Number of protein chains: 2
Amino acid sequence: MSDHRDTDGALDAIRSSGGRITETKRSVIEILAAANEHLSAEAVTAVVHQTTPGVAPSTVYRILEELVRLKLVEHSHAGRGPVTYHLGTHDHGHLVCQECGLITEAEPELFETLTSLGLSRHGFVVDAHHFAVLGTCVSCASRLSR
Amino acid sequence: MSDHRDTDGALDAIRSSGGRITETKRSVIEILAAANEHLSAEAVTAVVHQTTPGVAPSTVYRILEELVRLKLVEHSHAGRGPVTYHLGTHDHGHLVCQECGLITEAEPELFETLTSLGLSRHGFVVDAHHFAVLGTCVSCASRLSR
DNA sequence: ATGTTTGCAAATTGTTTGCAGGCGG
DNA sequence: CCGCCTGCAAACAATTTGCAAACAT
């Protein structure tokens, strides 16, 4: 598990950007490192509260924003619902099911044509991890067609 | 101009679905038919107010929702900012610039790989007009690189 | 008539901000 | 101790909802 490397690297990055290390920041980073899913700010806050009730939601938002600024964390917009956060470790996009909300990670290849044609035809630089590809997941698709 | 065909078709669809035709509904449809851009609910409300002040925003939301249900109108989520609506006439996706908010329409081809690999690898049915592809437009990209 | 629509106001959801005190380096 | 950080409360943006009156058919 590379949780420690991720966590320590993040702490260093915060320090060297002039930021300070607090218990809550450490928590947030650990929570994101431990989560295999994409968490909303509210979800992160809930987990923080398990060990430290009383932390303000606004603080969590501010910490997440700081981490995004430092490019340690990525946030992606999922059509309906809150923004989700995750450590920006590997390159991937997101497939979000409109029916059940399931988020599936998508390999970079899926975005190749979109990225290259976006650039060549429109001069548009696509940021594939920042947005959600909306649609219907396998199980919902089969459930709906029955 | 096919505004009339679009408008009349929409009115028929509303009638045959059991809905009633009101001045405000007619307005909303005409506004969308006349607009070449993608409008937010707030923007539609503002235009409606030019001729009929006093129409409640909630009414416009309800009308837009009805039109979406009848598949006469499509709405797309643009990362940050409100949802935008447009007549669902031709097939296209949306490239939304994170810097300036510019919305560029994208040809279906850009989504071919995403759609086919999404399906073959994840069984995920991509709905290409429903979400925004976030990134940076030509002018913002060149401005930022300078 | 009768069931759809609307205006109004209040509630929701997700997030941001202002401020005064607290704490990390 | 200096300045980043935090909690709290209030502000915000974009919608959504509950209701009784108004209107389309």
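Rules used throughout
Residues numbered from 1 in each chain as written. Chains lettered and ligands numbered in written order. Predicted model: local features only at pLDDT ≥ 70, side-chain atom pairs only at ≥ 80, totals over all residues. Heavy atoms only, no water. Phe/Tyr/Trp six-rings, centres within 6.5 Å; stacked < 30°, edge-to-face > 60°. Helix = DSSP H or I, 4+ residues; strand = E, 2+ residues; numbered from the N terminus. Buried < 20%, exposed > 50% of the residue type's maximum accessible area, 1.4 Å probe, protein only. Arc of directions from axis to C-beta. Contact = heavy atoms within 4.5 Å. Domains from an automatic or database assignment. Buried area = accessible area lost by both parts, 1.4 Å probe. Polar contact = N/O pair within 3.5 Å; in protein donor to acceptor, adjacent residues only side chain to side chain. Nonpolar A, V, L, I, M, F, W, Y, C, P; charged D, E, K, R; others polar. Near = heavy atom within 4 Å.

1. Some thoughts on the packing of aromatic side chains
- Counted by the stated rule, this structure contains three aromatic pairs over all chains.
- Aromatic side chains A:Phe131 and B:Phe131 sit 6.0 Å apart centroid to centroid with 10 degrees between the ring planes, which places their arrangement in the stacked category. Taken together, the residues A:Phe131 in the loop between β6 (125-126) and β7 (132-136) and B:Phe131 in the loop between β6 (125-126) and β7 (132-136) connect one chain to another.
- Judged by centre distance (6.1 Å) and plane angle (85 degrees), the rings of B:Phe111 and B:Phe131 are edge-to-face.

2. A look at helix α5 (residues 112-122) of chain B
- The complete set of buried residues in α5(B) reads B:Thr113, B:Leu114, B:Leu117, B:Gly118 and B:His122. Down the axis, α5(B) shows its buried residues gathered within 120 degrees of arc, on one side only. The exposed set on the far side of α5(B), more than 90 degrees from its buried face, consists of B:Glu112 and B:Ser120.
- Here the buried face of α5(B) lies against β4 (93-97), β5 (103-106), α5 (112-122), β7 and α6 (138-145) of chain A together with β6 of chain B.
- The positive-phi residue at the C-terminal boundary of α5(B) is B:Gly123, with phi of around 65 degrees.

3. Description of the domain arrangement of chain A
Residues and elements named next belong to chain A.
- Here chain A is partitioned into domain 1 (7-87) and domain 2 (93-144).
- Centre-to-centre, using C-alpha coordinates, domain 1 lies 24 Å away from domain 2.
- Taken residue by residue, the interface counts nine residues in domain 1 and nine residues in domain 2.
- Counting the surface lost from both domain 1 and domain 2, the interface buries some 700 Å², and carbon and sulfur atoms represent 59% of this.
- Among the residues domain 1 hides against domain 2, the three largest losses belong to His 38, Glu 74 and His 77. Together they make up 50% of the total.
- Counting the contacts that link domain 1 with domain 2 gives six residue pairs in polar contact (both at pLDDT 80 or more).
- Of all elements in the fold, only β2 (73-76) and β3 (84-87) reach the threshold of two or more residues within the side of domain 1 that touches domain 2.
- In terms of residues, the side of domain 1 that touches domain 2 owes the most to one element, β2, which gives three residues.
- Split by residue class, the side of domain 1 that touches domain 2 holds one nonpolar, seven polar and one charged.

4. Thoughts on the protein's contact with DNA strand C
- Around DNA strand C sit 20 residues, and of these A:Arg20, B:Arg20, B:Thr22, B:Lys25 and B:Thr59 come closest.
- For DNA strand C, the backbone portion of the atoms within 4 Å of the protein, that is sugar and phosphate, comes to 66%.
- A distance of 2.7 Å separates a phosphate oxygen of DNA strand C from a polar atom in the side chain of B:Lys25.
- Between a base oxygen of DNA strand C and a side-chain N or O atom of B:Arg62, the distance comes to 3.1 Å.
- Only α4 (57-69) of chain A together with α4 (57-69) of chain B provide two or more residues apiece to the surface near DNA strand C.

5. A look at the environment of B:His130
- Residue placement: B:His130 occurs in the loop between β6 and β7.
- Taking the C-alpha atoms as reference points, B:His130 and B:His77, 53 residues apart in sequence, are found 6.7 Å from one another.
- The residues touching B:His130, leaving out its near neighbours within four places in the chain, are A:Gln98, A:Leu134, B:His75, B:Ser76 and B:His77.

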